[in-house]
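Below are the chains, spelled out letter by letter.
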Amino acid sequence: MRILALSNCPLDEKLGSGYVALRYARGLRARGHLVDLLGPADYEPLHGLRRGIRYRQTLGMAATSLGRLARSEYDVLEYYGGEAWLAVSALARLPGRRFLLVCHSNGLETHYAEVAREAAGASWHRPWYQADHGALFARAFRDCDALVTVARYDRDYALREGYATADRVLAIENPLPDTFLGLDPDFARQPVIGYCGAWLPNKGAALIERDLPPLLRRFPAWRLTLVGVGPGFRSAEHFPPDVLPRITVIPHAERETELRGLYQGFAISILPSIYESFGLSAAEAMACGCALVASPVGFAASLRHGEEAFLLGDRASPGLCEALRTVIEDAALRQRLARGGYLRVQSLRWDGAVARLEAAYQTWLADFRDGNEGP
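Residues numbered from 1 in each chain as written. Predicted model: local features only at pLDDT ≥ 70, side-chain atom pairs only at ≥ 80, totals over all residues. Heavy atoms only, no water.

### Comments concerning the side chain of Thr-110
To keep things clear, this is the line we draw: What counts as a helix is a DSSP run of H or I of at least four residues, what counts as a strand is a run of E of at least two, and both are numbered from the N terminus. Working definition: with a 1.4 Å probe on protein chains only, accessible area under 20% of the residue-type maximum means buried, over 50% means exposed, and in between means partly exposed. Whether two residues are in contact is decided by their heavy atoms, any of which lying within 4.5 Å being enough.
Along the chain, the position of Thr-110 falls in helix α5 (residues 109-120). Given a relative accessible area of 9%, Thr-110 falls into the buried group. Once residues within four sequence positions are removed from consideration, Thr-110 is found in contact with Gly-134, Phe-137, Ala-138, Phe-141, Tyr-157 and Tyr-163.

Below you can see the structure in the form of structure tokens.
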């Protein structure tokens, strides 16, 4: 197959979305397919400006797609991000087209917007300068021939919204680097709670700020380690003075070297996000033998509560504090979660994921060409 892929995320393996796009492209190339993968730096007009990114990506994706198609033939056009709505909608209506249009989502923007509104409740508002692209993004997901998500969480939403039929929406869970698989972790850990991720509202930062101080006061032997929160993070700005001595901040850690060792030092890993398309840090922590306490979003939504993870029933305070209290006080439960989570993620391998994507594209493409129209 000849595939043109355009990503709305920089092609950087340190970023979750960039990591996924790059690994799929490499895997498909290794199987003999031609893959032209372009990131924002390759197609976005005036790349580097901070304002109007979505508009510039929308125009850049459409113009670059048309330009590439004028020079080369492709079997599949693959788009990461709802910014592809203009390209997808225009190309879907091209008479006599022979190529398949796929939205390969690293997170359905429309799903995130819905969840964020529900979480904010009456306090939700959109800044005056921020346009609502939801209807346009939904158009991309409806006009494409097939949709790929990184977890059943987004797939179920796509089906509820009628973006496509069940045979045209495929969920492939994000694989882990080989260095995270097949480890022999020691499940007996020091009393450390770990968080890995950016310090953002959608990651549950406010809930951590509210619920961890009373928990640390109740369990003085336990510590909190924050990883990947960025160089500008100051713990004194987010936590009261009495618990600061038991909070360690590591602004950045390399995924396949430092990060693995840090996870192996956590007894419990937390991911209290409002929304995740997948939540790679959750799977990484499970592979390293951590007991996961997480919101039922993304990958975590498919985990068995009490066996593979402890899922938050209430994402409002003190829901996180109470969940952690249960896991801390019940050592047998903590061990069961750690072992069950470790076993659950061992199937998250790149060779299997690439094979599934390849098979889906070949099947969809053959069906499309046989019918000479979009599914």
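The rest of the description comes next.
### What about the side chain of Ser-7?
By the secondary structure assignment, Ser-7 is in strand β1 (residues 2-7). In this view, Ser-7 contacts Leu-38, Gly-39, Pro-40, Tyr-43, Met-61 and Tyr-80; residues no more than four positions away in its chain are not counted.

### Re the sheet that holds strand β6 (residues 169-171)
For the record, the criterion: Being paired, for any two strands, means DSSP has found at least two bridges between them. For helices, the fitted axis covers only the stretch in contact; all axes are lines through C-alpha atoms, and the angles between them, taken along N-to-C directions, range from 0 to 180 degrees.
Overall, parallel pairing links the six strands, which are arranged β2-β1-β3-β4-β5-β6 in an open sheet. What marks the edges here is a single partner per strand, and that holds for β2 (34-38) and β6. Mean inter-strand twist for the sheet, computed between neighbouring axes without regard to direction, equals 20 degrees. Relative to β2, β1 runs parallel, the two sharing five bridges. Across the sheet, the residue bridging to Leu-6 is Leu-38, located in β2.

### Structural notes on the pattern of salt bridges
Defined as follows: Between Lys or Arg on one side and Asp or Glu on the other, a salt bridge is scored when a side-chain nitrogen of the former is within 4 Å of a carboxyl oxygen of the latter.
Evaluated as defined, the whole model comprises 23 salt bridges. For Arg-56, the salt bridge goes to Glu-44, with nearest N and O atoms at 2.5 Å. Separated by 12 residues along the polypeptide, Arg-56 in helix α3 (residues 53-71) and Glu-44 in the loop between α2 (40-43) and α3 bring together distant segments of the chain. Pair check on accessibility: Arg-56 and Glu-44 agree, each one buried. Notably, a salt bridge pairs Arg-139 with Asp-143, separated by 3.6 Å at the nearest N-O pair. One end of the pair is Arg-139 and the other is Asp-143, both in helix α6 (residues 134-143) and four residues apart, which spans about a single turn. Overall, Arg-139 belongs to the partly exposed group, its relative accessible area being 37%. A residue is classified by how much of its surface remains accessible, and Asp-143, at 17% relative accessible area, is buried.

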